[in-house]
Amino acid sequence: MRGDRHRPRPAVTALLHRLTPRTLRGRLSLVALTTAALLMLVLTVAFNAVAGRRLQHQADDELRTRAAAVATTVDTSGPRVRVLETSDDQLLDTNVWIYAGRRLLEEPPTAGPLTRVADALAGRGGQQCVTAHVHGPLRLCSRPVSGSHSDATVVTALDLSPYRSSADTLLLGSLALDAVMLACTYALTRLAVGRALRPVRTMTDQATQWSVIASEERFGQLRHPAELARLGTSLDAILDRIRTLLRHERQLTGELSHELRTPLSRIIAELDWWQARPRTDDQTHATHRVITEAAESMRAICDTLLGDVRDGSLAAPGAAEIVPTLKRLTEVLDIPPHLTATVEGPHLEAGVPPALLERIVSPLLANACRYAHAGVTVRAHRAPDGVCVDVVDDGPGVPSSFAGRLFEPGRRADPRDGHDGAGLGLPLARRLARSVGGEVAYDPGHTPGARFVVSLPAG
């Protein structure tokens, strides 16, 4: 229960949250205003304290001067204290008391209760000053007058109302100046912070725009103050990551459409053939079987490509018999009638799942069938560090000028060659092979035609 007393009430907390500025400019302006207010408060208190002391010293100096002037009219050379007559006797009428020891000799005509204060001050002896409030603030100072046979004391009084009025005027003036300074501080701080944050707002808008259109522009190419260089570097890194993600998204979309096109074409062709005229039950069952195989192939394609994107690695346990897998692949691919696809090789196993082996070899085999003149050969053989699959065709081959860009996504040697393709199959095959520690390479020394070599770990 005791600890609950120190917890802020929900209403107070909500009020503080509501009063706290929501913008950085407002918060910085509030901090500057609070700091300036505390500093001006300290300066105002110190200034008015010094001014009050200075005014009091001036009043004391005036009282001592008057007391010294009155002391010249007091004769203490004899056994009795005498007050000499002077040409200016009005000094005795302006709050002056003269004492011989403790005996009052002279007092102002209208002293009234102030005489008791003067009596007490004279009784203390020495030079002293006190402040009394009798019909207003008054300052009294005593001055002893010593002689060879007798001593006297002169007490003078001064009305402090003019000095207090001056002090109040200084206080009001300083408070008014503080208010003006605080208003100017708040306005200038908001203006300065707003101008300082304007580049940040501009950079934020630019970063938002560049991220939407995947622009290649970066803040490192522009001139910014040194304080914003680090922010620009961070925004550039974020833009690079966004662009990379967008590129991967486009690549995945293109690869999926590229790989799914063949089984979808088989499904459409089978349905068109089945709907062309009435079919027997056996033909219908055969059509269903082809559609089912194509759908299973589509599912395997999606699982393979999405698994690569999700995990970044396809090193899943599994082993594929190379020759049977390749023969099954040649059966499901749409190979033109004038081509002969041959699968050769001993009994070998690759250390990858069969579906992945199909996805790696399928683009190479499709390319070979697209450009071959008469035949395509797929040959499996053992290598020192695993197994290899060669895909060879007797087509025109790859132009030497294009060989260096063969595995770049979206690149084709001649887009107007009359063949359908998006330039994504070879990059996909290489990427999938590398994800399991393998490789896909082009043999530039093979002529005529083209030869691609797939290297995979052994099963």
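Located above this text is the structure these notes cover.
Source: prediction; values computed, not measured. (Residues numbered from 1 in each chain as written. Predicted model: local features only at pLDDT ≥ 70, side-chain atom pairs only at ≥ 80, totals over all residues. Heavy atoms only, no water.)

### Considerations on the overall build of the chain
What the chain contains, in helices and strands, is 10 helices and 14 strands. Per-residue burial for the chain yields a buried fraction of 34% across its 459 residues. A fraction of 61% describes how many contacts in the chain between residues 6 or more apart in sequence connect residues 24 or more apart. Total accessible area computed for the chain in this model is approximately 27500 Å², and 57% of it derives from carbon and sulfur atoms. (Helix = DSSP H or I, 4+ residues; strand = E, 2+ residues; numbered from the N terminus. Buried < 20%, exposed > 50% of the residue type's maximum accessible area, 1.4 Å probe, protein only. Contact = heavy atoms within 4.5 Å. Areas by Shrake-Rupley, 256 points an atom, 1.4 Å probe, with all protein chains shown as cover.)

### A word on the packing of helix H8 (residues 322-332) against helix H9 (residues 354-371)
One can describe the packing of H8 onto H9 by two numbers: an axis separation of 10 Å at closest approach and a directional angle of 55°. With respect to H9, the axis of H8 lies oblique. The hand of the H8/H9 crossing is right-handed. Taking contact as the criterion, the partners of Ile322, Thr325, Leu326, Arg328, Leu329 and Thr330 in H8 are, on H9, Pro354, Leu357, Glu358, Val361, Ser362 and Leu365. (Axes fitted to C-alpha atoms, helices over the stretch in contact; angles between N-to-C directions. Parallel < 35°, antiparallel > 145°, perpendicular 65-115°, else oblique. Left-handed = near helix turned anticlockwise from the far one by under 90°.)

### With respect to the pattern of salt bridges
In the structure shown here, the tally under the stated rule is 9 salt bridges. Across the pair Glu358 and Arg328 runs a salt bridge, and its minimum N-O distance is 3.3 Å. Taken as a pair, Glu358 in helix H9 and Arg328 in helix H8 lie far apart in primary sequence, 30 residues in all. Under the relative-accessibility criterion, Glu358 is labelled buried at 15%. According to the relative accessible area criterion, Arg328 is partly exposed, its value standing at 38%. Linked by salt bridges that have partners in common, Asp390, Asp443 and Arg451 make up one network. (Salt bridge = Lys/Arg side-chain N within 4 Å of Asp/Glu carboxyl O.)

### With respect to the packing of H9 against helix H10 (residues 425-435)
Remark: H9 packs on H10, axes separated minimally by 9 Å, with the N-to-C direction vectors making an angle of 150°. In this view, H9 runs roughly antiparallel relative to H10, as classed from their interaxial angle. Between H9 and H10 lies a crossing of left-handed hand. Every residue of H10 that contacts H9 at Leu356, Arg359, Ile360, Pro363, Leu364 and Asn367 is listed here: Gly425, Leu426, Ala429, Leu432 and Ala433. Considered class by class, the residues forming the contact of H9 with H10 number 8 nonpolar, 2 polar and 1 charged. (Nonpolar A, V, L, I, M, F, W, Y, C, P; charged D, E, K, R; others polar.)

### Here we look at the pairing of strand E11 (residues 375-383)
Note that strand E9 (residues 340-344) and E11 share 5 bridges and pair parallel. Its bridge partner being in E11, Ala341 is matched across the sheet by Val376. As paired elements, E11 and strand E12 (residues 386-393) share 8 bridges and run antiparallel to each other. Counted as the bridge partner of Val376 is Asp393 from E12. The hairpin formed by E11 and E12 contains 2 residues between the paired strands. (Pairing = 2+ DSSP bridges.)

### Re the packing of aromatic side chains
Per the stated rule, a full pass over the model turns up 2 aromatic pairs. On the numbers, 6.4 Å between centres and 85° between planes, the contact of Phe407 with Phe452 is edge-to-face. Placement of Phe407 in the loop between E12 and H10 and of Phe452 in strand E14 (residues 450-456) is noted, with a sequence separation of 45 residues between them. Note on accessibility: Phe407 and Phe452 belong to one class, buried. Taking 5.3 Å as the distance between ring centres and 50° as the angle between the ring planes, the aromatic pair formed by Tyr442 and Phe452 counts as tilted. Of the two residues, Tyr442 is situated in strand E13 (residues 439-442) and Phe452 in strand E14; the sequence distance between them amounts to 10 residues. Residue Tyr442 is classed as buried on the basis of its relative accessible area, which comes to 15%. A network of ring pairs unites the aromatic residues Phe407, Tyr442 and Phe452 as a single cluster. Stacked on the ring of Phe407, the Lys or Arg Arg430 has its end atom at 3.6 Å from the ring centre. (Phe/Tyr/Trp six-rings, centres within 6.5 Å; stacked < 30°, edge-to-face > 60°. Lys NZ or Arg CZ within 6 Å of the ring centre and 35° of its normal.)

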